[in-house]
Amino acid sequence: MANTFVLLFSHIIPPIMGVLSVLLLCNGIMDRNTPYTIAGIVLFFAGGILPFLILPFLLG
């Protein structure tokens, strides 16, 4: 069961978050909508950092 969560948190969720963040960034910049731009930036960094915060608890 832990292998499923490791795969999910290391290979599936970060790319989905990355794609969504790029869409939010593009939409926010093109429409001059600051909340979308900020949400895209936060989501992008969360997609990169969260695996390093979650996986040690799943593996150890």
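**Side note on the overall build of the chain**
(1) Moving on: Each helix and strand counted, the chain has two helices and zero strands in total.
(2) Moving on: For the chain, whose C-alpha radius of gyration is 14 Å, the value lies well above the compact-globule estimate of 10 Å for 60 residues.
(3) Moving on: Overall, the chain is about 45 × 15 × 10 Å in size when its C-alpha atoms are taken along their principal axes.
(4) Moving on: Restricting to contacts in the chain with at least 6 residues of sequence separation, those with at least 24 account for 45%.
(5) Moving on: Looking at the chain as shown, the accessible area adds up to about 4,500 Å², and 79% of this sits on carbon and sulfur atoms.

**A look at a nonpolar patch on the surface**
(1) Moving on: Judged by side-chain polarity, Phe5, Leu7, Leu8, Ile12, Ile16, Val19, Leu20 and Leu23 come together as a nonpolar surface patch covering roughly 690 Å² of accessible area.
(2) Moving on: If you trace the backbone, Val19 turns up in helix H1 (residues 2-30).
(3) Moving on: When its relative accessible area of 51% is taken as the criterion, Val19 is described as exposed.

**Digging into unusual backbone geometry**
(1) Moving on: Positive phi values are uncommon outside glycine, yet Arg32 reaches one of about 55°.
(2) Moving on: Position of Arg32 relative to the elements: it lies in the loop between H1 and helix H2 (34-59).
(3) Moving on: The class of Arg32 is exposed, set by a relative accessible area of 77%.

**Points about the packing of aromatic side chains**
(1) Moving on: In the structure shown here, the tally under the stated rule is one aromatic pair.
(2) Moving on: Both rings, one in Phe44 and one in Phe45, keep their centres 6.1 Å apart while their planes meet at 75°; by these two values the pair is edge-to-face.

**A closer look at the environment of Phe45**
(1) Moving on: For Phe45, the location among the structural elements is in helix H2.
(2) Moving on: Between the C-alpha atoms of Phe45 and Ser21, which are 24 residues apart in sequence, the distance is 9.0 Å.

Rules behind the numbers
Residues numbered from 1 in each chain as written. Predicted model: local features only at pLDDT ≥ 70, side-chain atom pairs only at ≥ 80, totals over all residues. Heavy atoms only, no water. Helix = DSSP H or I, 4+ residues; strand = E, 2+ residues; numbered from the N terminus. Rg over C-alpha atoms; globule rule 2.2 N^0.38 Å. Contact = heavy atoms within 4.5 Å. Areas by Shrake-Rupley, 256 points an atom, 1.4 Å probe, with all protein chains shown as cover. Patch = residues over 30% accessible without salt bridge, like charges linked within 9 Å, V, L, I, M, F, W, Y side chains within 5 Å. Salt bridge = Lys/Arg side-chain N within 4 Å of Asp/Glu carboxyl O. Buried < 20%, exposed > 50% of the residue type's maximum accessible area, 1.4 Å probe, protein only. Phe/Tyr/Trp six-rings, centres within 6.5 Å; stacked < 30°, edge-to-face > 60°.

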